[in-house]
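Coordinates in review
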Amino acid sequence: MGKQGSRRSPRPESRIADLSVGMKDYKLRTSDNSVGGDPCIGRRNSGGDINWNSKVTLADTFKSDYGKPGPFKGVHVGKKHMWFQKHMRSIVFMFSFMGFLFLLDSFMVSIFASVNIHNSSNSNHSSVLKKESAAHINETEAPVQMYSRLLNLASASLAESLSKRNQFSGKNQIAWHLYGNPVHIQKKILAEVMAICWLVQMAVSINNELLSYYLQICNAVAVASLLNATLVLPRFLYSNVWKDPSQFGDIYQEDYFMNTLKDEVSIVKELPSHLKSLDIEAIGSLITDADIMKEAKPFDYSRKVLPLLLRNGVVHFLGFGNRLGFDPLPLNIQKLRCRCNFHALKFVPKIQQVGSLLIGRIRKYEGTRSLVDKQLLGNFMPDIPLKNHNATVGPSRYLALHMRFEVDMVAYSLCDFGGGETERKELQAYREVHFPLLLERLKISKPISPVKLRKLGRCPLTPEEAALVLAGLSLRRGTYIYMAGSQIYGGESKMHPFTSLYPNVVTKETLLTPSELAPFKNFSSQLAALDFIACASADVFAMTDSGSQLASLVSGFRTYYGDGHAPVLRPNKKRLAAILSESSTIGWESFEGRVRKMIEEGQRVRVRGFGRSIYRLPRCPECMCKS
């Protein structure tokens, strides 16, 4: 509405002055009004604001003026009728001609359209079929993304920060010094006579057998020392799952192992001939996991095992697993464990040589090497040529990532990973074959919803989530990332969000030639050793599951030998789930800040607590000493 008291538009008196002038005068008056006679109409045509009060007044004026019969109304109607009669033929001809042109135009358009459709029908039909087929293929192989908005923000952020340096540093690290080499351990004598303690290691059915070997060998050495027994070199059982026939000497240097520990425990390669012929099970010296509880204490061995050892002269541990707790144990036994894990177990030259070749193709360094390199690779690093490989122009630094997203872990987690109904049916079918006991348990107890499992931090991180964490730390897009672990569930559809942010992903299969990998074919534990070397020697090591044995052992090695300069990134899955739950609204700066805080807290110096693994957390007086 207009303002009250505003000046009203002048009333167009010329409209009703003389209607007898006909159409000519009507046109003139219309033109005058549109230009300047009616301010309202003028403003509307020029795009200005409309004075709705003036418009209403104008409508009322027209209604009052022409709604009443005037004295000239009859004369005007008569003249109008005569004009129509005079020009009737012209009007009819004009409308007929226009109709004819309209029909002709429509007819010609339809003819040309039908010709074009006829000529291109086959090709168009073929194109549509091809497009539908391609759409179906893309749909079945389309990348699976759960956080598209965050991925776009991450991509934009990485593009803007190409000149920024990595933010990984050794901040908040306390200087620790190695305390496991050498140590002279005062043996704890539990037996009056020397006996043979035959310890056979069992390959636990996990992703990499090698990782179980580390723990079991070190525990076996500790038990042999506790019982004052002679240890026979552990033997690896054949696994129907991994089908790996490797034995101790195929992975570790036997003589080096025995010489390193000779002052702490007696070790032989084989049983004496007079004990080989004994039926170990018949004489009651066969000890299984059912006989010794998990995380057993020294008292359990002195009560259950020592009497058999003294009576029969030999015991056979069939399947050892994690059968020795970490506390309370004598200080000398803890030191022995540390020495065995970080010093005595060295890979055979074959593994060291290919491992150094693997690292050299990512890193391209010559000269300075870390203590981790020297322990894992020996003297092979300077002697490995890089000829005939285009990696010589590669970067000098790399990040290693243990991506735990194998089908067995994914299926067992009962989580949802964005693959829809197809994924749910596939994982359920896998559970029915591989995890029947899990399904039976779910029938008895109500399962937790996938949404709640993710909030509780029980879901494996997807490659997409791992990439977002790295982007949140401002890891440069061109960084080379060594991917360790088994085959990623979902393949390219799950990896695409990761490689879209970090395209330089390499594995041992892409860095080594088929001929270089041939000696390790069908030996899963030896292939795992190559992954272990690449992860432990990396400039930065990142994990997606802090509970995995590879992550635990690698982080322990980097702590022990890294001198505070070997960062390990441990995402807290529960906290990360809370951050990602706001993916549709959170700003990128806020996301970066929260991710950085989460990782920084995970990198804090941690001294081994009571009952915690000495292999994962070697910062303790038994293994390392603080400056």
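Remember, it's a predicted structure, so these values are computed and weren't measured experimentally. (Residues numbered from 1 in each chain as written. Predicted model: local features only at pLDDT ≥ 70, side-chain atom pairs only at ≥ 80, totals over all residues. Heavy atoms only, no water.)

Some details on the overall build of the chain
When its secondary structure is counted, the chain shows 27 helices and 12 strands. The burial tally for the chain puts 42% of its 627 residues in the buried class. Long-range contacts, defined as pairs at least 24 residues apart, comprise 80% of the intrachain contacts of the chain with a sequence gap of at least 6. If you sum the accessible surface of the chain, you get close to 34000 Å²; carbon and sulfur atoms cover 57% of it. (Helix = DSSP H or I, 4+ residues; strand = E, 2+ residues; numbered from the N terminus. Buried < 20%, exposed > 50% of the residue type's maximum accessible area, 1.4 Å probe, protein only. Contact = heavy atoms within 4.5 Å. Areas by Shrake-Rupley, 256 points an atom, 1.4 Å probe, with all protein chains shown as cover.)

Structural notes on the nonpolar core
Membership of the largest hydrophobic core comes to 88 residues, with the highest contact counts inside it found for Tyr-252, Phe-257, Tyr-301, Phe-347 and Tyr-482. With 11 residues, helix H7 (residues 209-226) is the single largest residue contributor to this core. Among the nonpolar cores identified, the runner-up in size contains 47 residues, and Phe-417, Leu-427, Leu-468 and Tyr-489 belong to it. (Core = buried A, V, L, I, M, F, W, Y, C linked by side-chain atoms within 4.5 Å.)

With respect to the sheet that holds strand E11 (residues 568-569)
Here we have 5 strands laid out as an open sheet, ordered E9-E8-E7-E10-E11, and parallel in their pairing. Of all strands in the sheet, those with a lone pairing partner are strand E9 (505-506) and E11, marking the two edges. As paired elements, strand E8 (residues 480-484) and E9 share 2 bridges and run parallel to each other. The residue bridging Ile-481 from the neighbouring strand is Val-505, located in E9. (Pairing = 2+ DSSP bridges.)

Here's the deal with the side chain of Arg-558
With respect to the element layout, Arg-558 can be found in helix H25 (residues 549-561). Within the structure, Arg-558 has its side chain in polar contact with the backbone oxygen of Pro-567 (distance 3.1 Å). Residues in contact with Arg-558, not counting those within four places in the same chain, are Cys-535, Ala-536, Ser-537, Ala-538, Asp-539, Val-540, Phe-541, Ala-566, Pro-567 and Val-568. (Polar contact = N/O pair within 3.5 Å; in protein donor to acceptor, adjacent residues only side chain to side chain.)

Notes on a positive patch on the surface
A grouping of Lys-597, Arg-604, Arg-606 and Arg-612 is seen on the molecular surface, where their side chains present a positively charged patch. Secondary-structure assignment places Arg-612 in the loop between helix H27 (588-602) and strand E12 (624-626). (Patch = residues over 30% accessible without salt bridge, like charges linked within 9 Å, V, L, I, M, F, W, Y side chains within 5 Å. Salt bridge = Lys/Arg side-chain N within 4 Å of Asp/Glu carboxyl O. Lys, Arg positive; Asp, Glu negative; His and termini not counted. Charge placed at Lys NZ, Arg CZ, Asp CG, Glu CD.)

A word on helix H26 (residues 573-580)
All buried positions along H26 are accounted for by Lys-573, Leu-576, Ala-577, Ile-579 and Leu-580. The buried side chains of H26 occupy one side of the element, clustering within an arc of 160° when seen end-on. In this fold, the buried residues of H26 make contact with helix H6 (148-160), helix H19 (450-455), helix H20 (463-472) and H27. The N-cap residue of H26 is Asn-572: its side-chain oxygen and the backbone nitrogen of Lys-574 are 3.1 Å apart. (Arc of directions from axis to C-beta.)

Topic: the pairing of strand E7 (residues 398-402)
Each regular strand shows side chains that alternate between the opposite faces of the sheet. Within E7, 5 of the 5 residues are buried, leaving the element largely enclosed by the surrounding structure. The side-chain alternation of E7 yields two buried faces, one formed by Tyr-398, Ala-400 and His-402 and the other by Leu-399 and Leu-401. Relative to E8, E7 runs parallel, the two being bridged by 5 bridges. The residue of E8 that forms the bridge with Ala-400 is Tyr-482. Summarising the sheet, E7 and strand E10 (residues 540-543) pair through 4 bridges and their orientation is parallel. Considered in E10, the bridge of Leu-401 is made with Ala-542.

Re the state of the cysteines
A full pass over the atoms with the stated rule returns 2 disulfides. Disulfide partner of Cys-338: Cys-623, at an S-S distance of 1.7 Å. Taking the sign of the S-S torsion, 65° for the link of Cys-338 and Cys-623, the bridge is right-handed. With Cys-338 in helix H13 (residues 331-344) and Cys-623 in the loop between H27 and E12, this pair connects stretches of sequence that are 285 residues apart. Taking relative accessible area as the criterion, Cys-623 reaches 0% and is therefore assigned buried. The disulfide partner of Cys-415 is Cys-459, and the gap between their sulfur atoms is 2.0 Å. Taking the sign of the S-S torsion, about -90° here, the bridge from Cys-415 to Cys-459 comes out left-handed. (Disulfide = S-S within 2.5 Å.)

As for the confidence of the model for the chain
Averaged over every residue, the pLDDT of the chain is 75; residues scoring 70 or more account for 66%. Here residues 383-394 is modelled with pLDDT under 50, and outside its nearest four sequence neighbours on either side it reaches 14 contacts, counting other chains as well. (pLDDT = per-residue confidence, 0-100.)

Some thoughts on H13
Over its 14 residues, H13 extends 18 Å from the first C-alpha to the last, a length consistent with the 20 Å expected when each residue adds 1.5 Å. Burial of H13 is extensive: 13 of the 14 residues sit out of reach of the surface. (Expected span 1.5 Å × (residues − 1).)

Describing the packing of aromatic side chains
Within this structure, the stated rule accounts for 22 aromatic pairs. Geometrically, the ring pair formed by Phe-532 and Phe-557 is edge-to-face, given 5.2 Å between the ring centres and 90° between the ring planes. Of this pair, Phe-532 sits in helix H24 (residues 524-536) while Phe-557 is found in helix H25, placing the two residues 25 residues apart along the sequence. Here the two residues Phe-532 and Phe-557 agree in accessibility, since each one is buried. Measuring from ring centre to ring centre gives 5.0 Å for Tyr-560 and Tyr-561, while their planes differ by 80°; the resulting arrangement is edge-to-face. Like Tyr-560, the residue Tyr-561 is buried in the burial classification. Put simply, the rings of Tyr-213, Tyr-214, Phe-236, Phe-248, Tyr-252, Phe-257, Phe-342, Phe-347, Phe-532, Phe-557, Tyr-560 and Tyr-561 pair up and form one aromatic cluster. (Phe/Tyr/Trp six-rings, centres within 6.5 Å; stacked < 30°, edge-to-face > 60°.)

Remarks on the pattern of salt bridges
One pass over the full model with this rule turns up 23 salt bridges. A salt bridge links Asp-373 to Arg-363, with the nearest nitrogen and oxygen atoms 3.3 Å apart. Of this pair, Asp-373 sits in helix H15 (residues 371-377) while Arg-363 sits in helix H14 (residues 349-363), and the two are 10 residues apart along the sequence. Between Lys-508 and Asp-531 there is a salt bridge whose closest N-O contact spans 2.9 Å. Placement of Lys-508 in helix H22 (residues 508-511) and of Asp-531 in helix H24 is noted, with a sequence separation of 23 residues between them. Each of the salt bridges in this network shares a partner with another, and the network as a whole consists of Arg-363, Asp-373, Arg-397 and Asp-539.

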